[in-house]
Amino acid sequence: MRAQLLRSLLALAVLVPVGVLFGQLWQEQSDRLSFAAKERDGIEYLTTLSQVTTALTDAQSDAIAGSEIDQTALARAVDAASAVDARLGDDLRTHDRWSGLRAKIEALPTAASADREDLYTAYGEATDLLLALYGKVRENSQLIRDPEGDTYFLQDGAAEELPESVVAAGRFADLVVLAGSRPAAERAQAIAELTGARQGVLDPASDLADGLQSAVDSTDSRTMGGNLLSRLDRFRRGMDVLANSAGSLTGRATLPRADQLTAARAEVQAAATELSNAILAELDLLIEDRISGLSTERWLAVGTLAVVVLLAASPMALTLVDGRRRRRRPFGGVPDSVPSEWEPAGAAR
């Protein structure tokens, strides 16, 4: 009896640390699941911002070129982002920034009502707010703190390098249009501005290419390379064509023609949209797989705990059953039931 009681106490002693470890593991997995879920919210928000980026930069170029702005496309993108902000803005703390950006977009002047230089300044302020909102989303969704190399480089490309490239490409093409309307006395200043703007096109595109290659090199995904690299090549070709359309600006007396950049900018925009969708899809898939893996780990942990509890409870259960049997015996140790073959001494036969 004493040995059985000792085994029960030892089993109970094992259950206590096992329970503590299980609680710590459960909390750690809960934190990681919450982290990943917030990252996916960030990806959803970034997807709508990508649509706003395309529509806003297109509207800017149309306005500065004196063309009709596609207000429907811009309004559609703004409405989609507003709907996402209404759902996710509390957790991501983006309401104020989105409200400011939306008000700025809705107050943008049209080509018919403003000077081109004023248009460029107003749209520049709007796109600056847009890029700042990208940073806010990646910060508050914790994407910027993702511990995995592939997901980190993907979010960096989708939320920083790519939108910066798109905005820079639009500004460069628009500066060419503006430079053409400036007097000859300002030609040197215009060329200096274009030289800086062209470098602004090339730098983020190069950083994007390096980051996406690092993501592909560090991932276990078998599909990422095929899904991203061909689209990245198309985007880089478009950016190179756009930047080289102006030729060598150093020492030039003449400016590049605006119509030479129009098709190049349109190709950059199309390639950027395709690449952004691919990056965000790959990023979401990686985090979805992570969530699935964590859920599987949880079930395995629960199953392991159940087995340990059963094994530890067995000695206690046996001790309890044995104790009940002992209590059921009469005083003196005589069995409760008497075999039918046993007869008292002297009984008649």
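Here the structure is a predicted model, which means the values were calculated and not measured.

J.: Explanation requested: the pattern of salt bridges in the structure shown.
T.: A side chain with one charge can pair with a side chain of the opposite charge if their charged atoms come near. Under the definition given, this model contains 14 salt bridges. In this structure, R171 engages D128 in a salt bridge whose closest nitrogen and oxygen atoms are separated by 2.8 Å. One end of the pair, R171, is in helix 5 (residues 149-180); the other, D128, is in helix 4 (residues 116-140), with 43 residues separating them in the sequence. By relative accessible area, which is 22% here, R171 ends up partly exposed. A relative accessible area of 43% means that D128 is categorised as partly exposed. R138 is paired through a salt bridge with E160; the nearest N and O atoms lie 3.4 Å apart. Here R138 is found in helix 4, whereas its partner E160 is found in helix 5, with 22 residues between them in sequence. The exposure class of R138 is buried, given its relative accessible area of 8%. Accessibility expressed as a relative area gives 27% for E160, which makes it partly exposed. One connected set of salt bridges, linked through shared partners, spans E39, D146 and R290.

J.: Looking at this structure, how should I read the nonpolar core?
T.: It is characteristic of soluble globular proteins that their nonpolar side chains tend to be buried jointly. Counting 75 residues, the largest nonpolar core has L154 and F235 as its most contacted members. Residue assignment for this core shows that the elements contributing at least two residues are helix 1 (2-65), helix 2 (71-92), helix 3 (95-106), helix 4, helix 5, helix 6 (187-218), helix 7 (224-244) and helix 8 (258-328). If one sorts the elements of this core by residue count, helix 5 sits on top with 14 residues. Setting aside its immediate chain neighbours within four residues, F235 contacts L162, S165, A205, L208, V268, A271, A272 and L275.

J.: Got a minute to help me understand helix 4 in this structure?
T.: Quick reminder: α-helices carry 3.6 residues per turn. Residues three or four places apart thus point the same way. For helix 4, built from 25 residues, the straight-helix expectation of 36 Å at 1.5 Å per residue is met to within 8% by its first-to-last C-alpha distance of 36 Å. The N-terminus of helix 4 is capped by D115, whose side-chain oxygen sits 2.9 Å from the backbone nitrogen of E117. Once helix 4 ends, the next one or two residues include Q142, with phi positive near 70 degrees.

J.: Got a minute to help me understand the packing of aromatic side chains in this structure?
T.: Centre-to-centre distance and the angle between the planes together describe a pair of aromatic rings. Counting across every chain of the model gives 1 aromatic pair. Ring centres of Y152 and F153 lie 5.8 Å apart, and the angle between their planes is 75 degrees; this geometry places the pair in the edge-to-face category. Accessibility expressed as a relative area gives 31% for Y152, which makes it partly exposed. The class for F153 is partly exposed, based on a relative accessible area of 29%.

J.: Whenever I open this one, the side chain of Q155 confuses me. Can you help?
T.: Structurally, the position occupied by Q155 is in helix 5. Its relative accessible area of 0% is what places Q155 among the buried residues. Among the polar contacts listed, one links the side chain of Q155 to the side chain of R138, at a separation of 3.2 Å. The contact partners of Q155, leaving out residues within four places of it in the chain, are R138, L143, I144, E160 and L283.

J.: Explanation requested: the environment of S99 in the structure shown.
T.: Mapped onto the elements, S99 comes out in helix 3. S99 sits in the partly exposed class, given a relative accessible area of 45%. Spatially, the C-alpha atom of S99 lies 8.6 Å from that of S82, the residues being 17 residues apart in sequence.

J.: What exactly am I supposed to notice about the packing of helix 4 against helix 5 here?
T.: Packed helices, taken two at a time, are described by the angle between their axes plus the distance between the axes. At a minimum axis separation of 10 Å, helix 4 and helix 5 run at an interaxial angle of 175 degrees. It follows from the interaxial angle that helix 4 and helix 5 lie roughly antiparallel. A class-by-class count of the residues in the contact of helix 4 with helix 5 yields 10 nonpolar, 3 polar and 9 charged.

What counts as what
- The residue numbers shown here count from 1 along each chain, following its written sequence.
- Selection of residues for local features in this predicted model requires a pLDDT of at least 70, selection of side-chain atom pairs for listing and counting requires 80 or more, and totals for whole chains, interfaces and linings are taken over all residues.
- Excluding hydrogens and water, the side-chain values take into account all heavy atoms of the structure.
- One speaks of a salt bridge when a side-chain nitrogen belonging to Lys or Arg is within 4 Å of a carboxyl oxygen belonging to Asp or Glu.
- Only DSSP runs of H or I reaching four residues or more are called helices, and only runs of E reaching two or more are called strands; each is numbered from the N terminus.
- Each residue is assigned to one of three classes by its accessible area relative to the maximum for its type, calculated with a 1.4 Å probe on protein chains only: buried under 20%, partly exposed between the two thresholds, exposed over 50%.
- Buried Ala, Val, Leu, Ile, Met, Phe, Trp, Tyr and Cys residues form a nonpolar core when they are joined through side-chain atoms within 4.5 Å.
- Any pair of residues with heavy atoms lying within 4.5 Å of one another is described as a contacting pair.
- One less than the number of residues in a helix, times 1.5 Å, gives the span that helix is expected to have.
- Here a polar contact means two N or O atoms within 3.5 Å. Within protein one must be a hydrogen donor candidate and the other an acceptor candidate, and residues neighboring in sequence count only if both atoms are side-chain atoms.
- For Phe, Tyr and Trp, where Trp contributes only its six-membered ring, two rings pair if their centres lie within 6.5 Å, and the inter-plane angle classes them as stacked under 30 degrees, edge-to-face over 60, or tilted in between.
- The axes used here are C-alpha line fits, helices contributing only the stretch in contact, and every angle between their N-to-C directions lies in the interval 0 to 180 degrees.
- Note that the term roughly parallel is reserved for angles under 35 degrees, roughly antiparallel for angles over 145, roughly perpendicular for angles of 65 to 115, and oblique for everything else.
- Each residue is assigned to one class: nonpolar for Ala, Val, Leu, Ile, Met, Phe, Trp, Tyr, Cys and Pro, charged for Asp, Glu, Lys and Arg, and polar for all the others, Gly among them.

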